Every structure is written in structure tokens, then in C-alpha cells.
Amino acid sequence: MNINSTVISGFQALNDLSYLLQGKEKALLVTDKNIEGIPAVQTLIAQLKQQIASLSIVNTVPPEPSQHDVAAIVAALPSTDVDLVIGVGGGSVLDVAKLLSILCVEGAPTLDALLAGEKPQTRTTSLLIPTTAGTGSEATPNAILAIPEKETKVGIISPVMLPDYVALVPELTTSMPPHIASSTGIDALCHLIECFTATVSNPVSDNYALIGMKKLFASLETTLAEPDNLEARLNMLWASYYGGASIAHAGTHLVHAMSYPLGGKYHLPHGVANAILLAPCMRFVRPAAVSKFAQVYDLLPDADTSLDDEAKSHALVAYFAALVKRLKLPASLEELGIGPDHLPYLVEAALDVQRLMKNVPMKVGADDVRNVYLTLFPALNH
């Protein structure tokens, strides 16, 4: 099965999708109500209705969806007999669209079977169009679902979910509020730096990660200062895409393992949880990744290339902490009403995410995880 996505990108890249839609008769558009109202998405819907005989729209995907949300969406579909699934939205929408591209195939495993580890064999044709520049879901083989009963999140992972087509369209991201642009941008940065420093990193993922970080450092703050700068927005979409491609070839580690319980139990938005953890986790892994951190530091627009690698690695961690601050993202759990009495739960839940913990470039024990979480309670550190 061919899992190489064709990527179309640029301003107004959606204006002529007719060549992608040829021969398609029944399509399912997956989005949420906010995204559905964006003028460029309304134009896309009109175009689809012109060319496709039957178009169903699912606009009920919630942020951070659970397996129950997806089950309810599947149960409410007028028909699962579709020959094209189109996802338009942030990471949650794209993850659900990827799952539906599998679940809408006759004889496909059920959602429960996928959660239990059964691997899908095929999917219907899919087109993913991100409206945030962060998750890179359009380039990953993962769909992340909340499991409320266990207060955590799990990933359904299969290369079969990688889409046929991806459209990176900068005007679709201009409606992102600044706090979403900030937190999703940091999510992309976490994907890139974690995959670059993971035990499973390799030349392919390293290449994607370095290209992605160069684009991200040059463009993230520009998109916030100049919301209508479409070139910077397209660079951020590519940075996010490269983050997803890095995950597809390597894997994230400490930040994501420690952020899962924050999303699962306390419902912190994924990008915010990652932002809080970025600098503390990178400070912890720095000794095992000095030369790689130095390479990343050299990509910063104002890098002092005369520093030695050790100094560069420290300077990169300082840059991460300052960036999160400049983006006005929370830097402590106390700010979010989560007290230190939650530490035992957080440590245990993070260590439970073995799929990611094994990618950390050094040994990590309960004390290490606890010490990183401790830095998120400044009141305890005085």
C-alpha cells in the first residue's frame, strides 16, 4: 500500500481541487463548527458540493476527543460508504478524520479493536488540510484519543492512516487566535526537538527536524506580530508538517510522555502542557544531547556561533524558556490551579507512557520525572 502523501501548498492552493476529486461520488468532510465558518472553508464546501454528488459534513469534533466522541460520530454518520474523507481543522479534527478514513471501509476493524491494538489494512482516500500550525497530524501515522476512564491519552498508530493528499494553505491559519498560534507552534517545536534528540532518531528524521526548526525559529514570532503575513504562516505550516514527518520516522520522548497526564486528567490543551514542560525537560536531557543542541542553537536567527558546543547547548535551553515567556504561555502548573499534591499521580502516569519514555536519550527514573515536574511548582523551589 502506498503511504506517500502528495502535498500541495501555497496561497489559494484549494482553488482548484477538481483533479483530486475526479471519480469521487461520496465524500465525508470532518471539521468543527468554528472552522466550518471560515470563508475559505465555506468556499471549499461550495466547490465540493459542485463536484461531488453526495457530501456529508461532520462538524462536531471536540477539542481533545475521546474514544466515546469518535464512537458517537461514527454512530451518527448517515452512511459509512464514502470514497473520500476530507479533514479540515486542528490536530483533533485531523486525527478523527484519519480514524474515519479507516472506519469507513467495509470489514474494517472496529474502534475498540483499533484501541486494543488490531492493525488496519486499508483506508478510503483521504485529504487532510490543517488550520493550525502545530500538531503535524497530517504527516503522522498517529491518532491520539483521550481515555477518560483511565485519565490518560492513547495513540492508535498505523502507517495506513497517512493520507493520500495534504494541503498546506496559509490563509486557513489566519483565524487562529494568538494563544492557539503560540501553543500549537510550541507543540511543533517539541515534535522537532524531541525527534531530533530521541534514541530512535536517524538521518531521515534528523533532516526533517533541522529543516522544520529553521523555518519555525524564523517564522513563529513573525506570525504573531504580523497575523496576515502569509509567507510566515506557510513556513509555520511546513515546520509543523516536518514535525509530523519527524514523528513518522522517529518519535517524541520526555515532553510528550510527561504532558499526556496533564491533558488526560486535567484537560490542559496539548500545546500548553508541552510549552510548560519544554525548557525543564530539555534542561534534563541536555547533557546527553550537547552536540545536537549545539546544531539546533546554530539555527536561531541571532545565534552566537563563536560559542563552544557546551555553551550553545545551555543557550538553547535558555532560549526555549525565554520563548515560552515571550509567547505569554504558562510556565508553571500553579498558574493553572494544579498543586504539588498531584505529583505522585503525575510521576506514575508519565512513567506509564513507556512507548515514549524509551526514546529519551538517557536513563529516566521516577526521581528524575518527579524533579522535572517539581520545577513547575515555583513556590516549592524558593
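Bear in mind that the values here come from a model prediction, so they are computed numbers and not experimental data.

Trainee: I would appreciate a short explanation of the pattern of salt bridges in the present structure.
Mentor: For side chains bearing opposite charge, pairing can occur when the charged atoms are close. On inspection of all chains with the given rule, the structure shows nine salt bridges. With a shortest N-O distance of 2.7 Å, Asp81 and Lys26 are connected by a salt bridge. Highlighted residues: Asp81 in the loop between helix H4 (67-76) and strand E4 (84-89) and Lys26 in strand E2 (residues 26-30), separated in sequence by 55 residues. With a relative accessible area of 47%, Asp81 lands in the partly exposed category.

Trainee: Where do I start with the packing of aromatic side chains in this structure?
Mentor: Note on aromatic pairs: each is described by the distance of the centres and the angle between the planes. With the rule as written, the count across this model stands at seven aromatic pairs. Note on Tyr266 and Tyr345: the rings are 6.3 Å apart at their centroids and 80 degrees apart in plane angle, and the pair reads as edge-to-face. One end of the pair, Tyr266, is in helix H10 (residues 254-266); the other, Tyr345, is in helix H14 (residues 343-351), with 79 residues separating them in the sequence. Classification of Tyr345 by relative accessible area gives partly exposed; the value is 23%. Following the ring pairs from residue to residue traces out a cluster consisting of Tyr208, Trp238, Tyr241 and Tyr242. When the ring centre of Tyr345 is taken as origin, the NZ or CZ atom of Lys265, which lies over that ring, is 4.8 Å away. Over the ring of Phe196 we find Lys292, and its NZ or CZ is 4.5 Å from the ring centre.

Trainee: Which parts of the structure should I look at to understand the UniProt feature "domain: Alcohol dehydrogenase iron-type/glycerol dehydrogenase GldA" (unreviewed entry) in the chain?
Mentor: Annotation from UniProt places "domain: Alcohol dehydrogenase iron-type/glycerol dehydrogenase GldA" (unreviewed entry) at residues 5-168. Along residues 5-168 one finds 30% helix and 25% strand; the C-alpha atoms at either end are 12 Å apart.

Trainee: Would you mind going over the UniProt feature "domain: Fe-containing alcohol dehydrogenase-like C-terminal" (unreviewed entry) in the chain with me for this structure?
Mentor: In this structure's numbering, the residues bearing the UniProt feature "domain: Fe-containing alcohol dehydrogenase-like C-terminal" (unreviewed entry) are residues 183-374. Here residues 183-374 runs as 70% helix and 0% strand, with 22 Å between its end C-alpha atoms.

Trainee: Mind showing me how you'd approach H10 here?
Mentor: Quick reminder: α-helices carry 3.6 residues per turn. Residues three or four places apart thus point the same way. Its 13 residues give H10 an end-to-end C-alpha distance of 18 Å, which sits within 8% of 18 Å, the value for a rise of 1.5 Å per residue. With 12 of 13 residues buried, H10 is to be regarded as a mostly interior element. Directly beyond the C-terminal end of H10, a positive phi value near 60 degrees is found at His267.

Trainee: When you look at the environment of Gln50 in this model, what are you seeing that I'm missing?
Mentor: Looking at the element boundaries, Gln50 is found in helix H3 (residues 39-51). As a C-alpha pair, Gln50 and Ser18 span 32 residues in sequence and 9.8 Å in three-dimensional space.

What counts, and at which threshold
Residues numbered from 1 in each chain as written. Predicted model: local features only at pLDDT ≥ 70, side-chain atom pairs only at ≥ 80, totals over all residues. Heavy atoms only, no water. Salt bridge = Lys/Arg side-chain N within 4 Å of Asp/Glu carboxyl O. Helix = DSSP H or I, 4+ residues; strand = E, 2+ residues; numbered from the N terminus. Buried < 20%, exposed > 50% of the residue type's maximum accessible area, 1.4 Å probe, protein only. Phe/Tyr/Trp six-rings, centres within 6.5 Å; stacked < 30°, edge-to-face > 60°. Lys NZ or Arg CZ within 6 Å of the ring centre and 35° of its normal. UniProt positions renumbered as here; feature names shortened; annotations may be inferred. Expected span 1.5 Å × (residues − 1).

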